[in-house]
Amino acid sequence: MTATAPAAEATVRKSSPGAARGPRRRTGRLRRVGLPYLLLLPALLLELLVHLVPMVIGIVMSFKELTQFYIRDWSTAPWAGLDNYSVSVDFDAPVGQALLHSFLVTVAFTVLSVGLCWHIGTAAAVFMQDTFRGRGLLRALFLVPYALPVYAAVITWVFMFQHDNGLVNHVLHDQLGLTDKPSFWLIGDNSFVALLTVSVWKGWPFAFLIVMASLQNIPRELYEAAALDGAGMVQQLRRITLPSLRPVNQVLVLVLFLWTFNDFNTPYVLFGKSAPEAADLISVHIYQASFVTWNFGTGSAMSVLLLLFLLVVTGVYLALTSRGRRTAQ
C-alpha cells in the first residue's frame, strides 16, 4: 500500500502537464484554423452588402407596382403579385415580344462573341508558345485591349465607326473600295456587327491570357515524343493541346458566357440609352424598361428572370461538364 501511493502520485504529476497542454494545443489549433476565416469576414460581409442586399431588394421590387409615382418611398408601392412576370413573358403583347427579341439577339451575340474570343485567344496563345524575336512585345500588345478601361476603349470605337470621318469607313470605302458608299455602323442592322466587333476586340485577350498560362503546364516532352512518332502540328493540337486544356476551357467558356450575356457597358457606351433594334441586348433593354419608361417593377421582374435563366444555364453546364470529366476519367 505504501509503495503504490507514491507511484500513483507520480503518475498524477506526470499526467497533469500533458492534460494542461492538451487544451492549449487545441486552442492554438483553433486559432490557426480560424484566423484565415476571421480575416476574410470583413470582405465577406461587404460582398454580402454589395451584392446580396440589392438582389433581395430587386426581388421584392419585382412583386410591386413600382412606377415614378413611388420613387420617393418605393416601399409604399402596391403589391402586384406575379403581374410583372406575366407581362414580361406574355409574348403576344408588345412588352413580351420586345423582351423575347432582345433575348434572342443577346443569345446570338453571346454565342458569336464567346466563340470568336475563344478561337482567336487560343490560336494566339498556341502561336506564342514558339520563341521568336519580339515575342514579349507582341504579348504586351495583345493584352492592351483587355488592359484599357472599357469607356475609353469603346468611345474610341465610337469615333472609328462614325459615318463621315470614321476610320472604319475610310479604310473599307475610301482605301479598299469594299463598299459602294460609307456605311452607318451605329444604327440599323450594321449595329450588331459593330457591337460584336468591339466585344470580340476587348474580350479575346482574356482568353489569350488564360490559355497561354495554361499551356505552360503542359510538359514539352509530350510534344517531343509526338514529333518523334511523326505527329504534325495539327495532330499535336488535337491529341495533346486541346485535351490538356479541357478543364481550363470549361471554366473559361462559362466566365466568357456570363460576362458577355450580362455586358452593359459596351452597348451603353456604344449606342447610348436607346440601342438599335438589331443590337438590343437584354441588359440595355432592362435598363430602358426601368429607367426610361419608369416602370421599375417590370424591369425588376425582367432582371429576376434573367438571373434565373443564367442560374439554370450555369447549373446545366456544370452538370454536363462534370459528367463529361467523370466519363473521361
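Throughout what follows, the structure given in this document is the object of discussion. (Residues numbered from 1 in each chain as written. Predicted model: local features only at pLDDT ≥ 70, side-chain atom pairs only at ≥ 80, totals over all residues. Heavy atoms only, no water.)

1. Quick notes on the overall build of the protein chain
So, point 1. From N to C terminus, the protein chain includes 14 helices and zero strands.
So, point 2. Starting at the N terminus, the α and β elements of the protein chain follow one another as α-α-α-α-α-α-α-α-α-α-α-α-α-α.
So, point 3. Here the protein chain, with 329 residues, has 33% of them falling under the buried criterion.
So, point 4. By element, 67% of the accessible surface of the protein chain is carried by carbon and sulfur atoms, the whole surface being about 20,500 Å². (Helix = DSSP H or I, 4+ residues; strand = E, 2+ residues; numbered from the N terminus. Buried < 20%, exposed > 50% of the residue type's maximum accessible area, 1.4 Å probe, protein only. Areas by Shrake-Rupley, 256 points an atom, 1.4 Å probe, with all protein chains shown as cover.)

2. Considerations on the packing of aromatic side chains
So, point 1. Applying the stated criterion across every chain yields a total of 20 aromatic pairs.
So, point 2. With 5.3 Å between their ring centres and 70° between their planes, Phe142 and Trp204 make a pair best called edge-to-face. Of this pair, Phe142 sits in helix α4 (residues 135-142) while Trp204 is found in helix α8 (residues 190-215), placing the two residues 62 residues apart along the sequence.
So, point 3. On the basis of relative accessible area, Phe142 is assigned to the buried category, the value being 18%.
So, point 4. Residue classification places Trp204 among the buried residues on the basis of a relative accessible area of 13%. (Phe/Tyr/Trp six-rings, centres within 6.5 Å; stacked < 30°, edge-to-face > 60°.)

3. Description of helix α10 (residues 233-244)
For an α-helix, the turn length of 3.6 residues means that residues three or four places apart are oriented alike.
So, point 1. Taking 1.5 Å as the rise per residue, α10 with twelve residues should run 16 Å; its terminal C-alpha atoms sit 15 Å apart, in good agreement.
So, point 2. Taken together, the buried positions of α10 are occupied by Gln236, Ile240 and Thr241. Down the axis, α10 shows its buried residues gathered within 85° of arc, on one side only. Every exposed residue of α10 that faces more than 90 degrees away from the buried side is listed here: Val234, Arg238 and Arg239.
So, point 3. Contacts from the buried residues of α10 go to α3 (94-127), α8 and α9 (220-228). (Expected span 1.5 Å × (residues − 1). Arc of directions from axis to C-beta. Contact = heavy atoms within 4.5 Å.)

4. Regarding the pattern of salt bridges
So, point 1. Using the criterion set out here, one finds one salt bridge in the structure.
So, point 2. Note that Lys202 is salt-bridged to Asp263, the shortest N-O span being 3.9 Å. Remark: Asp263 occurs in the loop between α11 (246-261) and α12 (265-271) and Lys202 occurs in helix α8; sequence separation between them is 61 residues. (Salt bridge = Lys/Arg side-chain N within 4 Å of Asp/Glu carboxyl O.)

5. Considering the packing of helix α6 (residues 150-160) against α8
So, point 1. With their axes 11 Å apart at the nearest point, α6 and α8 run at an angle of 140° to one another. Classified by the angle their axes make, α6 and α8 are oblique. As for how α6 packs across α8, the hand of that crossing is right-handed. The segment α6 lies against α8, with Ala153, Val154 and Trp157 engaging Thr197, Val198 and Trp201.
So, point 2. A breakdown of the residues in the contact of α6 with α8 according to their chemical character gives five nonpolar, one polar and no charged. (Axes fitted to C-alpha atoms, helices over the stretch in contact; angles between N-to-C directions. Parallel < 35°, antiparallel > 145°, perpendicular 65-115°, else oblique. Left-handed = near helix turned anticlockwise from the far one by under 90°. Nonpolar A, V, L, I, M, F, W, Y, C, P; charged D, E, K, R; others polar.)

6. Comments concerning the side chain of Ser214
So, point 1. Residue position: Ser214 is located in helix α8.
So, point 2. Residue classification places Ser214 among the buried positions, given a relative accessible area of 12%.
So, point 3. Every residue in contact with Ser214, bar those within four places of it in the chain, is listed here: Leu245 and Val248.

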